[in-house]
Amino acid sequence: MNQKQNILNKYESWGRFPRSEPREVVNLFWRNEIPDLNQFSSSVLAYAYGKSYGDSCQNDGGILLDTKGLSRLISWDRKKGIIRCESGVTLAEILDFAVPQGWFLASTPGTKYISVGGALANDVHGKNHHKNGTFGCHVIKFELIRSNGERLICSEDENYELFCATIGGLGLTGLITWVEFKLQPCPSSFFAIESIKFDSLEEFFEINEESEVFDYTVSWVDTTATGSKLGRGIYNRGNHANPKLYKLPDLPKPKQIPLPIEAPFINSCTVNVFNMLYYNKQMNKVEKQIVHYDPFFYPLDAVVGWNRAYGKNGFIQYQFVVPFERGKETIQKILRKVSDSGMSSFLTVLKTFGYVKSPGMLSFPRPGITMAVDFRYDGQQVLDKLKELDVLVREAGGVIYPAKDSRMSSDDFQRFYPNWKEFSEFIDPKFSSSFWRRVTKS
Amino acid sequence: MDMKKIMIVGAASAIAKEVAILFAKEGASLYLVDINQGRLEAVEGDILARYDTKIKLDVLNVLDFERHEPVFKRAIEALNGLDAVLIAHGTLANQEETQQDIEKIIREFNINCVSVITLASLAANYFEKKKEGLIAVISSVAGDRGRMSNYIYGSAKGGVTTFLQGLRNRMAHSNVTVITIKPGMVDTPMTAHLPKSPLFSKPKDIGKIIYKAMLSKKDVVYAPGYWRLIMWVVVHIPEFIFKKLKM
Ligand SMILES: Cc1cc2nc3c(=O)[nH]c(=O)nc-3n(C[C@H](O)[C@H](O)[C@H](O)COP(=O)(O)OP(=O)(O)OC[C@H]3O[C@@H](n4cnc5c(N)ncnc54)[C@H](O)[C@@H]3O)c2cc1C
Ligand SMILES: NC(=O)c1ccc[n+]([C@@H]2O[C@H](COP(=O)([O-])OP(=O)(O)OC[C@H]3O[C@@H](n4cnc5c(N)ncnc54)[C@H](OP(=O)(O)O)[C@@H]3O)[C@@H](O)[C@H]2O)c1
């Protein structure tokens with residue numbers, strides 16, 4: 001394999017399915033020296049950390065603009081908690097910088113190793129969606145470079161339509177060079193959390209109802225449990241720990257274990273064992289702890305490259321949201337389908353989204369209950385089974401999350417996001433992605 | 001010695017920027033020199049967003065040798081003296097193209113070796129009079145042994161390393177520290193075209209090593225430290241075997 005090939009191969013998506021390869025990668029290092037995008041013979045797409053599971057960060061046969069080198073801060077208002085930084089800066093860097101000064105991300109997904117540009121383009125959500133909405137709800141302004149050379153400032157006051165189209169716009173409206181956004185005050189690096197075991201979905205909903213007052217909520221569900229145990233899991237909820245109320249431990253030393261090999265560790269056997277151990281690890285009904293933000297928000301970041309444990313064929317994450325009215329019934333049906341079919345999922349997450357509206361035009365989060373399920377990709381049969389889940393999501397009036405998707409049909413996409421045509425008017429003619437070509441082909 | 005006034009040449013380099021941030025955190029004033037104003041400003045903005053400190057920028061193409069002294073004087077004037085100088089600029093040209101072109105060879109040598117020697121000499125003469133000061137220079141493990149894949153760059157760095165040995169010997173008699181920094185492979189714009197292996201380090205980690213080496217006045221540092229071992233092995237391969245390898 002030659003050097004160039006070797007580099008191109010590294011531009012995978014997190015799920016590593018489907019495989020795709022850019023024709024060329026252009027590394028960006030300086031926000032004021034972005035090359036003329038029209039000089040390229042094929043379409044372009046920004047690529048940051050490739051933490052999107054499916055093909056929304058892929059541009060098979062086209063050009064990827066690697067934004068990791070756009071990694072500088074630009075300004076910081078410590079009093080107001082407003083930061084402006086280049087789009088390749090990671091959430092991890094923001095936390096390192098801001099938490100000691102008493103500021104936390106107003107919204108963060110389950111990994112901190114993503115870029116600010118990626119967080120904006122997928123309008124990501126976190127455990128506090130029911131309180132704070134999405135990442136895009138906290139964006140004040142950003143700069144967008146279009147292929148005609150225009151550099152546009154987008155905010156509520158300027159280029160507002162492009163502002164809304166770019167938040168959750170899947171990187172298709174142009175290249176974001178910097179973003180200015182608001183953080184929220186935090187009293188410490190720690191969280192006071194409670195973990196509550198639940199035996200059924202009914203119980204999940206009961207706990208969830210009384211938990212809306214907590215700033216952060218998320219649950220893990222045991223998809224290997226069947227029969228009367230179906231829907232059991234652990235509910236996590238928490239708030240920022242105020243040092244005036246709690247005795248805080250010392251800051252932990254960051255630990256990361258690399259998983260450099262590609263081996264199919266994750267199979268139905270290990271998944272069963274893991275889920276059983278995870279559920280039984282907690283002895284009591286309720287456990288209370290003070291934990292650092294790393295294990296609370298980013299448990300998966302502790303194992304670098306865990307996605308490779310699915311083996312060379314990769315995996316698929318299936319995340320959808322269904323409205324509250326049909327929530328319980330749909331989740332129940334889906335859980336049953338998943339456990340009956342034996343396609344057990346390593347990590348299954350359940351959470352409710354709230355009513356805070358994002359400016360994002362194509363954003364995924366909306367009021368309802370969301371579930372994310374991981375499946376190892378081992379051929380057509382997974383795809384067939386997921387089609388059965390699609391039917392249930394569709395019937396319930398739900399939608400699937402593009403940032404995690406690698407297989408939804410174009411019909412489904414267009415039904416889930418009926419304003420996609422209106423959105424297309426804002427797409428930069430030079431930008432495209434594997435995802436977009438897939439879901440818009442008729 | 002307190003390091004409160006620091007001049008950095010090649011300050012827009014990914015590695016040097018990290019060192020600058022760490023010194024800014026300690027409240028040091030910085031005189032940042034590099035070839036491109038816009039890039040210097042981006043780096044300045046990054047530092048100032050983090051820490052409120054005094055920063056002056058100066059644009060210099062190190063190939064303009066006659067401008068070395070004026071820039072150096074301006075730095076002394078702007079910060080009202082200097083405590084330390086870090087020299088970090090460099091280029092990694094394509095070996096195969098460079099070896100075919102005399103002009104390119106000279107250029108690479110002038111950037112990576114001669115200009116480093118002249119700038120370090122200016123700093124040395126200044127600190128020698130003051131009887132205190134610190135000169136840190138980023139050389140490279142590539143200077144430890146010539147290899148077919150990058151021996152023009154490597155020999156320029158090798159020249160720097162040897163020069164610094166002599167300079168350290170001279171300066172030791174005047175209470176001036178001279179540090180040779182030899183990074184292994186680092187993920188920066190300079191190596192963007194190379195496929196990355198687990199041996200690559202992050203500029204932030206290398207910056208921290210350099211910062212610590214400056215505080216503790218080391219002589220020679222490999223960054224990270226395990227490169228000392230790797231290079232020990234590389235250097236000890238007998239020449240009659242080494243010349244047959246494709247390295
Ligand atoms: C372990 C794990 C947990 C996760 N948990 C969550 C979660 O809880 N909630 C959630 O919402 N998501 C979650 N995600 C998904 C992840 O947060 C998103 O996919 C995120 O957008 C990835 O960001 P990235 O920087 O890696 O960007 P990439 O994946 O490289 O790119 C994502 C998109 O952003 C665009 N983009 C990136 N930079 C720019 C730019 N400068 N200008 C224009 N477009 C740009 C790309 O073109 C692409 O469309 C998780 C992912 C992982 C791996
Ligand atoms: N990266 C590695 O693997 C590695 C390994 C060992 C040693 N090093 C050394 O580490 C140092 C820093 O390099 P880096 O990796 O951080 O790369 P970098 O980011 O590319 O930094 C090199 C800097 O030198 C500047 N420069 C180049 N030519 C110049 C000139 N004629 N006049 C003035 N400035 C000039 C560059 O400016 P422009 O970018 O504007 O041209 C750039 O800011 C270099 O000495 C390098 O040789 C690097």
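Refer to the preceding data block for the structure.
Now for a look at the structure at hand. Each chain carries its own residue numbering, running from 1 in the written order of its sequence. Chains carry letters and ligands carry numbers; both start at the beginning, A for chains and 1 for ligands, and go up in the order they are written. Per-residue local features are limited, in this predicted model, to residues with pLDDT of at least 70; the limit for side-chain atom pairs, both in listing and counting, is 80 or more; totals at the level of whole chains, interfaces and linings are taken over all residues. To obtain the side-chain values, all non-hydrogen atoms of the structure were included, while hydrogens and water were left out.

1. Examining the overall build of chain B
Only DSSP runs of H or I reaching four residues or more are called helices, and only runs of E reaching two or more are called strands; each is numbered from the N terminus. Tallying secondary structure elements over chain B gives nine helices and seven strands in all. Relative to the globule expectation of 18 Å for 247 residues, the C-alpha radius of gyration of chain B, 18 Å, shows essentially globular dimensions. Along the first, second and third principal axes, the C-alpha atoms of chain B reach 55 × 40 × 35 Å. Remark: exposure states derive from per-residue accessible area (1.4 Å probe, protein chains only) relative to the maximum for the residue type, with buried under 20%, exposed over 50%, and partly exposed in between. Within the span of chain B, comprising 247 residues, buried residues form 50% of the whole. Contacts were defined at the residue level, with two residues in contact if any of their heavy atoms lie within 4.5 Å. Restricting to contacts in chain B with at least 6 residues of sequence separation, those with at least 24 account for 70%. Only C-alpha atoms enter the radius of gyration; for comparison, a globular chain is expected to reach 2.2 Å times N to the power 0.38, where N is the number of residues.

2. Some remarks on a negative patch on the surface
Within the patch definition used here, like charges are joined within 9 Å and nonpolar side chains (Val, Leu, Ile, Met, Phe, Trp, Tyr) within 5 Å, considering only residues with over 30% relative accessible area and no salt bridge. The Shrake-Rupley method, run with a 1.4 Å probe, gives the accessible areas here. Residue values count only the displayed protein chains as cover. A side-chain nitrogen of Lys or Arg and a carboxyl oxygen of Asp or Glu constitute a salt bridge if their distance falls within 4 Å. In summary, the charge assignment counts Lys and Arg as positive and Asp and Glu as negative, without counting His or the chain termini. All charge positions are set by atom: Lys at NZ, Arg at CZ, Asp at CG, Glu at CD. On the surface, a cluster of negative charge is made up of Glu202(A), Glu206(A), Glu209(A) and Glu212(A). Residue position: Glu209(A) is located in helix α6 (residues 201-211).

3. So, the site of ligand 1
All names here are of chain A. In the vicinity of ligand 1 there are 35 residues, among which Ala 46, Ser 52, Ser 115, His 125 and Tyr 401 approach most closely. As used in this structure description, the phrase polar contact means that two N or O atoms lie within 3.5 Å; if the pair is within protein, one of them must be able to donate a hydrogen and the other to accept it, and residues adjacent in sequence are counted only when both atoms belong to side chains. A distance of 3.4 Å separates an oxygen atom of ligand 1 from a polar atom in the backbone of Tyr 49. One of the side-chain N or O atoms of Ser 52 is found 2.7 Å from an oxygen atom in ligand 1. Burial of ligand 1 by the protein amounts to 96% of the accessible area it has alone, namely 970 Å². Listing elements by their share of the shell around ligand 1, those giving two or more residues are β2 (44-47), α3 (116-121) and β9 (175-185). Proximity is defined per residue: if any heavy atom of the residue lies within 4 Å of a molecule or strand, that residue is considered near it.

4. Structural notes on the nonpolar core
Residue types Ala, Val, Leu, Ile, Met, Phe, Trp, Tyr and Cys, when buried and joined through side-chain atoms within 4.5 Å, form a set referred to as a nonpolar core. Phe104(A), Phe142(A), Phe181(A) and Trp436(A) are the most contacted members of the largest nonpolar core, which totals 106 residues. Considering each element in turn, this core owes the most residues, six residues, to helix α10 (residues 380-395) of chain A. Discounting residues that sit within four places of it in the chain, Trp436(A) has contacts with Leu170(A), Leu172(A), Leu362(A), Phe413(A), Trp420(A), Phe423(A), Ser424(A) and Ile427(A). Formed by 37 residues, the second largest nonpolar core is a distinct cluster that contains Leu32(B), Val43(B), Leu86(B) and Ile181(B).

5. Observations regarding empty space enclosed by the protein
All names here are of chain A. A pocket here means an open set of points on a 1 Å grid, computed over the protein atoms alone, that has protein on both sides within 12 Å along at least five of seven lines. A cavity is instead a set of points where a 1.4 Å probe fits but cannot get out; residues with an atom within 4 Å of a point line either one. Grid points are joined across faces, edges and corners, and a volume is the space filled by probe spheres set on the points. Considering all chains together, one arrives at three cavities of 30 Å³ or more under this definition. Approximately 40 Å³ is the volume found for the largest cavity. Every residue along the wall of the largest cavity is listed here: Ala 121, Asn 122, Gly 168, Leu 170, Leu 362, Ser 363, Phe 364, Tyr 401, Pro 402 and Ala 403. For this classification, Asp, Glu, Lys and Arg are treated as charged, while Ala, Val, Leu, Ile, Met, Phe, Trp, Tyr, Cys and Pro are nonpolar and the rest, including Gly, are polar. Tallied by class, the residues present in the lining of the largest cavity amount to seven nonpolar, three polar and no charged.

6. Describing the interface of chain A and chain B
Put simply, an interface is often sized by how much accessible area is lost when its parts join up. Across the boundary between the two partners, chain A contributes 17 residues, which contact 17 residues of chain B. Here the buried area means the combined drop in accessible surface, using a 1.4 Å probe, for two parts upon being joined, counting both sides. Between chain A and chain B, a total of about 1400 Å² is buried, with carbon and sulfur atoms accounting for 59% of that surface. Applying the counting rule to chain A against chain B returns one salt bridge. Residue Glu33(A) pairs with Arg39(B) through a salt bridge whose shortest N-O separation is 2.6 Å.

7. So, the sheet that holds β2(A)
Residues and elements named next belong to chain A. Ordered by their spatial adjacency, three strands build an open sheet running β1-β3-β2, and the pairing between neighbours is parallel. For this open sheet the edge positions go to β1 (24-27) and β2, each flanked by a neighbour on one side alone. Recorded for the sheet is a direction-independent mean angle of 30° between the axes of neighbouring strands. When DSSP finds at least two bridges between two strands, those strands are taken to pair. Note that β1 and strand β3 (residues 63-66) share four bridges and pair parallel. Note on β3: the bridge partner recorded for Val 25 is Leu 64. Axes here refer to lines fitted to C-alpha atoms; in helices the fit is confined to the stretch in contact. Angles between the N-to-C directions go from 0 to 180 degrees.

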